[in-house]
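One letter stands for each residue in the lines below.
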Amino acid sequence: NFRLGASEAAITLEGPLLQLPEEDSLSNTTFIFSVRRSYLQFLFQLIDLPFLPDYWDYQYKINHKIDDRNEISLIGIGSLDDFQINPPEKATQEQQAILDQVPVIKQWTSTVGLSWRKRFREGNGFFRATLSGNILNNDFRQYADNANETDELFRNVSVEDENKLRFELTNFVNDWTISSGFLAQYSRYENTTTDIVNTIDYTTSLDFYRFGLFGQVSRSFFKDKLTPSFGLRVDGNTFTDNGMNLLRTFSPRFSLAYQFAPRWTINTSLG
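Heads up: these notes are all about the structure in this document. These numbers were taken from a predicted model, which means no experiment stands behind them.

## Considerations on the overall build of the protein
Here is step 1 of the chain: Across its full length, the protein holds two helices and 14 strands.
Here is step 2 of the chain: Computed over the C-alpha atoms, the radius of gyration of the protein is 26 Å, more than 25% above the 18 Å expected from 2.2 N^0.38 for a compact globule of 271 residues.
Here is step 3 of the chain: Projected onto its principal axes, the C-alpha coordinates of the protein cover approximately 80 × 60 × 40 Å.
Here is step 4 of the chain: Out of the 271 residues belonging to the protein, those deemed buried represent 26%.

Listed below in structure tokens is the structure:
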């Protein structure tokens, strides 16, 4: 699928992977991939604007069915931004003011997740385990001469990075649905800033761990018309002084749903 718009073009590809030509059955592995590219920078250049936005973004998913009860998915999204300066041949006062003030920005992001879902025999439950990570990298600079990127006046380079592991387990026991799981996360933030005009120069960095535990039980009564649910959650972290005191983050929740007509349900919750 190819798409052409007023400011961008995009293409999407979708199909099977790892399928032998002589096989008639459907492939156990499929993919979808999409990428988008802006051409605003060319339009802005034609009408002589002093700055040129330029970006790419993409997304993809690969799904593999191991067997009837096991499935693995790889999902990712990302972007690339490159904000450039375009000095007109004969700049007006307004264009020159923009040239003197706008920064030069180079930024990219990426998020990737790998998930495994397993269904239990006899249909009495399933679990999902997910490992994911995301990063934002930003480079923001300003120069006395932005067009030639000389005589740097200000620089801010920052990175935000998170890595997560999540596990969820769902069991069906008689008429009860029991869900539980945990989350573990490592976060890292770094920032380097230099301001020549105001004589500011510093570097800061921090990292910490975070985790959470949660559980929930629910059951329907009176021919599935009344469904109460009770859950609880605790969270901990190494960033705050009392982050490992789980009693401070103990969070019970209760909800109630009642279907009084085929198309009408009333819900209430407390937490």
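Next comes the rest of the description.
## A word on the nonpolar core
In summary, soluble globular proteins display a tendency toward joint burial of nonpolar side chains.
Here is step 1 of the chain: Within the largest apolar cluster, five residues are counted, these being Ile85, Leu99, Val102, Val104 and Tyr143.
Here is step 2 of the chain: What Val102 contacts, discounting residues up to four positions off in sequence, is Phe83, Ile85, Gln142 and Asn146.

## Things to note about the pairing of strand β7 (residues 104–119)
Here is step 1 of the chain: Here strand β6 (residues 70–85) runs beside β7; their pairing, made up of 14 bridges, is antiparallel. Residue pairing in the sheet places Ile77 in a bridge with Thr111 of β7.
Here is step 2 of the chain: As paired elements, β7 and strand β8 (residues 125–145) share 16 bridges and run antiparallel to each other. If you follow Lys106 over to β8, its bridge partner there is Asp139.
Here is step 3 of the chain: The antiparallel pairing of β7 with β8 creates a hairpin that spans five residues between the two strands, and Glu122 there sits at a positive phi of about 65°.

## Considering the side chain of Asp139
Here is step 1 of the chain: Mapped onto the secondary structure, Asp139 falls in strand β8.
Here is step 2 of the chain: Side chain to side chain, Asp139 and Arg141 meet in a polar contact 2.7 Å long.

## Here we look at the packing of aromatic side chains
Here is step 1 of the chain: In total, this model carries 10 aromatic pairs according to the counting rule given.
Here is step 2 of the chain: Members of the aromatic cluster, joined through ring pairs, are Trp116, Phe120, Phe127, Phe167 and Phe182.

## Overview of unusual backbone geometry
Here is step 1 of the chain: At Phe222, a position not held by glycine, the phi torsion is positive, near 55°.
Here is step 2 of the chain: With respect to the helices, strands and loops of the structure, Phe222 is situated in the loop between β11 (200–219) and β12 (226–237).
Here is step 3 of the chain: Phi at Lys223 takes a positive value of approximately 55°, unusual for a residue other than glycine.
Here is step 4 of the chain: Tracing the sequence through the fold places Lys223 in the loop between β11 and β12.
Here is step 5 of the chain: Using a relative accessible area of 81% as the deciding quantity, one classes Lys223 as exposed.

## Considering the environment of Ser79
Here is step 1 of the chain: With respect to the secondary-structure elements, Ser79 resides in strand β6.
Here is step 2 of the chain: Separated by 14 residues in the primary sequence, Ser79 and Gln93 have C-alpha atoms spaced 34 Å apart.
Here is step 3 of the chain: With sequence-adjacent residues up to four places away left out, Ser79 is seen in contact with Trp56, Asp57, Tyr58, Gln107, Trp108 and Thr109.
Here is step 4 of the chain: A distance of 2.7 Å separates polar atoms of two side chains, one belonging to Ser79 and the other to Thr109.

## Some thoughts on the pattern of salt bridges
Here is step 1 of the chain: Tallying each qualifying case throughout the model produces 15 salt bridges.
Here is step 2 of the chain: When the shortest N-O distance is used, the salt bridge between Arg188 and Glu190 registers 3.2 Å.
Here is step 3 of the chain: Judged by its relative accessible area of 23%, Arg188 falls in the partly exposed class.
Here is step 4 of the chain: For Glu190, a relative accessible area of 35% gives the class partly exposed.
Here is step 5 of the chain: Each of Asp139, Arg141, Glu152 and Arg155 takes part in a single network of salt bridges with overlapping partners.

## Thoughts on the environment of Arg128
Here is step 1 of the chain: With respect to the secondary-structure elements, Arg128 resides in strand β8.
Here is step 2 of the chain: A sequence separation of 39 residues divides Arg128 from Phe167, and the C-alpha atoms of the two residues are 5.9 Å apart.
Here is step 3 of the chain: There is a polar contact of 3.2 Å between the side chain of Arg128 and the side chain of Ser115.

## Overview of a nonpolar patch on the surface
Here is step 1 of the chain: On the surface, Val173, Trp176, Ile178, Val217, Phe230, Leu232, Phe250, Phe254, Leu256 and Leu270 cluster together into a nonpolar patch covering about 850 Å² of accessible area.
Here is step 2 of the chain: If you list the elements that add at least two residues to the nonpolar patch, you get β10 (176–195), β12 and β13 (251–261).
Here is step 3 of the chain: Secondary-structure assignment places Leu256 in strand β13.

## What about the side chain of Ser218?
Here is step 1 of the chain: Structurally, Ser218 is set in strand β11.
Here is step 2 of the chain: Judged by its relative accessible area of 15%, Ser218 falls in the buried class.

## A few points about the pairing of strand β14 (residues 264–270)
Here is step 1 of the chain: Counting buried positions over the seven residues of β14 gives zero, only a small fraction of the element.
Here is step 2 of the chain: With seven bridges joining them, β13 and β14 adopt antiparallel strand pairing. Across the sheet, the residue bridging to Tyr258 is Ile266, located in β14.
Here is step 3 of the chain: The hairpin turn running from β13 into β14, its antiparallel successor, is two residues long.

Analysis parameters
Residues numbered from 1 in each chain as written. Predicted model: local features only at pLDDT ≥ 70, side-chain atom pairs only at ≥ 80, totals over all residues. Heavy atoms only, no water. Helix = DSSP H or I, 4+ residues; strand = E, 2+ residues; numbered from the N terminus. Rg over C-alpha atoms; globule rule 2.2 N^0.38 Å. Buried < 20%, exposed > 50% of the residue type's maximum accessible area, 1.4 Å probe, protein only. Core = buried A, V, L, I, M, F, W, Y, C linked by side-chain atoms within 4.5 Å. Contact = heavy atoms within 4.5 Å. Pairing = 2+ DSSP bridges. Polar contact = N/O pair within 3.5 Å; in protein donor to acceptor, adjacent residues only side chain to side chain. Phe/Tyr/Trp six-rings, centres within 6.5 Å; stacked < 30°, edge-to-face > 60°. Salt bridge = Lys/Arg side-chain N within 4 Å of Asp/Glu carboxyl O. Patch = residues over 30% accessible without salt bridge, like charges linked within 9 Å, V, L, I, M, F, W, Y side chains within 5 Å. Areas by Shrake-Rupley, 256 points an atom, 1.4 Å probe, with all protein chains shown as cover.

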